[in-house]
Every structure is written in C-alpha cells, then in structure tokens.
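Secondary and tertiary structure notes
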Amino acid sequence: MASVNSSDWRAICEQFTTALNLTEVESRKDPENDPFRSKYKAREILREIYSALKNFEATEADSETSGERGEEQVVDGEKDGQCFYGDSPAGWRAAKLAAVEYFLGVNHIETEELSAGQEHLMNCMKLIDKWSTSSMNVSLVIHVKNQLGILWSGRDETETAKAFLETAEGTYLRYMKKEGSPPTDMTEYFSTEENQLTHQERTKRFELAYTHTKYYLAQVYQYLGETELSATYCHSTLQRQLQLNQFNPMEWALNAATLSQYYINKGLYMEGRHCLSAATVISGLAGEVPSEAAAEESEREQERRDQLRQKRADIARCWIKYCLNLLLDAKKALEDNIGELDGDRQEELKAARRAEVEEEEKSRKSALLFGSEDTFDSIASLEEKVQSLTPLDFTDARALFLVGQTYVTQAKEYFEMDGFVTDHIEILQDHSALFRALAFFEDDLERRCKMHKRRVDMLEPICNELNGHYYLVIRRQLMFELAEIYSEMMDLKLTVANCQSDSETLDSHTIKKLNHLCGASAKFFEMFLESLRSPEGKLPEVLEEEVLRPALVARFRVARLYSRVICPVISDKLENLNKSLDHYKYVAQYGDAHPEASAAVETELELSREMVSLLPIKINRLKAQMISNN
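Reading the values: rules and limits
Residues numbered from 1 in each chain as written. Predicted model: local features only at pLDDT ≥ 70, side-chain atom pairs only at ≥ 80, totals over all residues. Heavy atoms only, no water. Helix = DSSP H or I, 4+ residues; strand = E, 2+ residues; numbered from the N terminus. Rg over C-alpha atoms; globule rule 2.2 N^0.38 Å. Buried < 20%, exposed > 50% of the residue type's maximum accessible area, 1.4 Å probe, protein only. Contact = heavy atoms within 4.5 Å. Areas by Shrake-Rupley, 256 points an atom, 1.4 Å probe, with all protein chains shown as cover. Lys, Arg positive; Asp, Glu negative; His and termini not counted. Charge placed at Lys NZ, Arg CZ, Asp CG, Glu CD. Salt bridge = Lys/Arg side-chain N within 4 Å of Asp/Glu carboxyl O. Core = buried A, V, L, I, M, F, W, Y, C linked by side-chain atoms within 4.5 Å.

A closer look at the overall build of the chain
A count of helices and strands for the chain gives 23 helices and zero strands. The C-alpha radius of gyration of the chain comes to 34 Å, more than 25% above the 25 Å expected for a compact globule of 630 residues. Structurally, the chain occupies a C-alpha span of about 125 × 60 × 60 Å along its principal axes. In the chain, which comprises 630 residues, the proportion classed as buried is 46%. Summarising the internal contacts of the chain: among those between residues at least 6 apart in sequence, 70% fall at separations of at least 24. A total accessible area of about 32,700 Å² is found for the chain, and carbon and sulfur atoms account for 47% of it. Between the averaged position of the 75 positive side-chain charges in the chain and that of its 107 negative side-chain charges there is a distance of 5 Å.

This is the structure:
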C-alpha cells in the first residue's frame, strides 16, 4: 500500500473527502428533477478509489503475507482453522477495499438500486469475514451489518434483518469486553495522519453506530411482536442518543412519548410518567412555535410551525392517555360488584400506600433515567407535579383529572374540528372518559350528575352535526356513549329523588325529568340501531361481528328503558311494555337463531329470555285492570 505520506495516497484521501462531501452535503442541494446527481458523482469517485486500491494491492501483495500479525491485539481469534489477523497489513488493505464496497452499497441503496446495493454490501462482508475482528475493522463490521439489517427489514424479511442486527450487537459487546478502547473509524482509512480523529470523536462515532443497531433492533422486535424487548431497546436507544447529544428534539420527544404508552398499558406508570416528562422537556429544546405572521411570510416557517404544533399536540394526547388510564386503573381497583366505590377496599389501599410510596422511590433509583446535566432537573421537576400512584380519593383523582384536562386543551388547539375531524372527536371522547372516571370518586350524586351533563354537552352537538355517511363508525360510537350517559343520569336522578322524598310517590317535576332522560337514552340507542340499516332501509338478518354485541346490548337496554318510563295512564304504560317485549323478543330470538352469538351477550340473552316469559303476565294484568276500570 502506498505510504500514508505519498502523493498518490494523499490524492486518494482527497477523492474520498470529495465523495463524502457530495453524499452528505451537496446532495441536499440537488434539484427535484435530478435528485441523485451528487450521489452519482460520488459513486464514480468511489469506483476510481476502488480501482486505485486494487492496483496498490497488486503491487504490494508480493512483499507481505496475509497471515502477518499486526501490533494490536486480536479480538476474535481464528476463523476456519486458520489465523487471519485483522490488524495485519493485509487485513488493513482488505478493510479499505471493504469500506469502499460499503460506501458503494449505501450509495446504491440511497439511489433506490437495492439489488446493486445488496451486492456491494455482501462483497464488503466477504472481504472482512475472513479476518479477525480488530480495532481496525470492528466499526466497519457493525456498520455493514446495520445496513444489511435495514435492507432486509425494508423487504419485510424481518427474521433475516434480525439476524444481521443481533450479530452486529454481539460484535460490539465482544469487542468492548475484550478491548474497550474506541476503534478506528472507517472514514479514517482514507485520512492523512494529521486528519485522524481524536479519541473522543472516535468514541462518539463508534457508540453512535451501536446506538443505531439498538434503534433498528427495537423496530424489528416490535414488528415480530416482542414488545417487551422492543421497549427495552427503544428506552436504551433514547438514553444513548441523549448521552451522545445526537438527536432531533421533536423526533426524540415523540419517540419517548410513544414509548410511554407501552409502559402505561403495562401499568408501569412511574416509567410512563418519566418518558412523558422527558418528552415534554426535550421538545422544548426545539424552540418556540413560529407565529402565524411569520408562517405567512415564509414557507419554511409555516412547515416548522405545523410540525412543532402537531408533534407537541401528539405528546399532549399521550399525557391524556396517561391520566385516563391511571384513573381507570384506580376505578378498577376500588369498585365493588355493582360498580360503586368500595369504602373498605379504599381504606385497605390507603393503609398500604406508605409502603407503595417507598417502593416507588426504590424503583426510581434503580431505573434507567433520561436526561443530561442540562435537562435532568427539569424532567424531575415536571415529574413531581404529576402522580404515578393510583388515586384513592376524590382529591387525588381531581388533581390527575385537571392535568389530563390541561392537555386536552393543548391537543385541541392543533387538532381542530375543521381539518382534523377524527382526531378532534377522539380527544373529546377521552375528555368525556376523564369526566366519567372522576365521577366515580364523587360522593355527591348531584355533582356526579353534572359531570355527566358536561359529557353530554361536549358530545351531543358533534353527534348531531356529523355526517353519518363519511363518519359512520365514529357517529355510532357517539350515539352509544350518549345513550349510556343519559341512562346513567336517569339512575342518579332517581336515586337522589328517592333519598329526598318522604313518600314513595315522586312529584310531577321529577317524573318529567326522569322520563326525559329515559327517552333521550332510548332515542340514541335507537339511532344506533337505525344506523345498521342498509341503503334500502332493511335491518341485517345477521349482524356483523364488530356490531354484534353493541347492537344486541342496545336492543336489551331499549327494552329496559321502555319498561321504566313512568306513565300515569295505563294505556300508555301498556304501549311501552309491548315495545319493551318486542325488543326482548328480538334478542332472545336472535340468540336462538344464532347460537354463536350467545358468548357475546350471555347475561343479556339470559335476562331477555326471562323477560319474554314474565312481561306477558304483567301486560295481561294491566289489560284486566283497564277492563275493570272501564
């Protein structure tokens, strides 16, 4: 090989620098009608470098043997029964050729020539596979396996991608265990002595390559359904990016917020809160959102404004899910068999809370925490403002609710109804669910009823305005939820009325209110059922799986609602009971005709069959009473 100080070698180094600049800098300026112009130029230069290296190799191969031992320590030892040392002069020459093959492979992949890219990457592998992994070539080994992992992942050959990436990880771990010092970066193969990297820069580049390995493995494990492993690798990747100061603030923040959802679904709220707090703090590093005036004057500022607002709104939505899930888990832990707060269970959990707090603090000390010297305190400060233990009373539940409601407001600022219909309604549904979860902790039934009224006020106008043709599924969800809310309000009003009344007879105002709530609930359930009709106006003989349970439950609930209407006139009561019987019959007959539906509505089906037997007796009794009265 030519001397590192020879003019021929310096010319190759200059060529490589030019090719790298074309790839990483000039390519960004290429016109839309010729997007790969700079990369094609870089490719030609890389080919010239490869030819020059082959000429050097032919000249010097006679004077050296491929088994010559280098000065640096060998990491992996023998291969195929022979000892080929990666740090030998021959191994050094092979690494340089392999590096050019690598850069050509990446070049072809970036210009969408995947097969050619794969060929060059595999050539790179063949050149370095017969040499032991050493400080000279370990970085190249990891880079090429990362690229092959990405390539096969893009072809949906996930197992193949996984094999390459896991091998890359194994190479890194073995090298660090035996050697530990930062290896030569492959760009240094083509650098003159005075341009070699510092120890710090070598370390940063090598660790960044391994960070990419972990990042790609996180995605592969996610695709393969290995969610726990994926979350572990994602968490580690995010932490390494912060340590290396190699991250885009908004992209990092969004990834951390997404990771929080894994922890939340696992009930690991301390970890979920930490991810979201870090996401919020790191997203702030992206700077202020450009004003509307600035966005109007510059397309670039408009794009930046949209991206910052959207991603911060996405993080806000993750916070909403955090608060909602924590409230729902608390409800699940505290409710009795009829869905009310169990006081004994509440006191039991409060008594155990001190030990739970101590355990949380212990877990926090052993957790892998995000942050750097600049951000750690800010992240911890934000965490302290939001609880991670399940709320056990109204005060704690309200504090968590208010955090969630703050993020609802933030999310809606970007996801407006005009332009983001689906997102806006999903946020409203989460807001409604927050009110419902908070209402569980409220002892005052009148106040609880007002919370449900807030839910009606936010959902009913949207439901009435929404185009059923374009947003059928969402509208059905709203109809069903509104029907349930009105039914719950009726139950609460009836309980309040019975507690306040000295006699068994309700006053006319209360009866009117109860009947209104009952009618509103039935109306929305029936609207839901009507939405199942075909364009010709026919109800389906066989219900599709996704609407099977909701449709039969709606029928069952309407039947109950008609039987609960308070009617002073017997004929009106008879009419409502007959309607009730018709709906009970539908559920029972559907269950008889479609036995496979029984599992979906077991309780409702059993009660419907019972009511089909009992209601006719009550109806006949009322008819007899009418005759005797006449």
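Quick look at the pattern of salt bridges
Summed over all chains, the structure comprises 30 salt bridges. For the salt bridge of Glu207 with Arg240, the shortest nitrogen-to-oxygen distance reads 2.5 Å. With a gap of 33 residues between them, Glu207 in helix H7 (residues 199–223) and Arg240 in helix H8 (residues 227–244) connect regions that are remote in the sequence. Of the two residues examined, Glu207 and Arg240, each falls in the buried class. Between Asp393 and Lys350 there is a salt bridge, with its nearest N and O atoms 3.7 Å apart.

Quick look at the environment of Met490
In this fold, Met490 is placed in helix H19 (residues 472–500). According to the relative accessible area criterion, Met490 is buried, its value standing at 4%. Through-space distance from the C-alpha of Met490 to that of Arg448 is 12 Å; in sequence the pair is 42 residues apart.

Comments concerning the nonpolar core
Membership of the largest hydrophobic core comes to 104 residues, with the highest contact counts inside it found for Trp252, Trp319, Tyr322, Leu327, Phe370, Leu434 and Leu478. Counting residues per element, this core draws most heavily on helix H12 (residues 299–334), at 14 residues. Apart from residues no more than four positions distant in its own chain, Phe370 is found in contact with His235, Leu238, Gln239, Leu242, Trp252, Leu259, His274, Cys275, Ala278, Phe376 and Ile379. Counting residues in hydrophobic clusters, the runner-up holds 44 residues, among them Trp9, Leu104, Trp152 and Tyr221.

Concerning unusual backbone geometry
The backbone of Asp156 shows a phi angle near 65°, a positive value even though the residue is not glycine. Within the fold, Asp156 resides in the loop between helix H5 (138–154) and helix H6 (158–178). Take Asp156: its relative accessible area is 54%, and that puts it in the exposed class.

Topic: the environment of Thr280
Tracing the sequence through the fold places Thr280 in helix H10 (residues 269–283). According to the relative accessible area criterion, Thr280 is partly exposed, its value standing at 26%. With 186 residues separating them along the chain, Thr280 and Ala94 place their C-alpha atoms 47 Å apart. Dropping the residues within four chain positions of it, Thr280 is found in contact with Ile315, Trp319, Leu382 and Tyr407.

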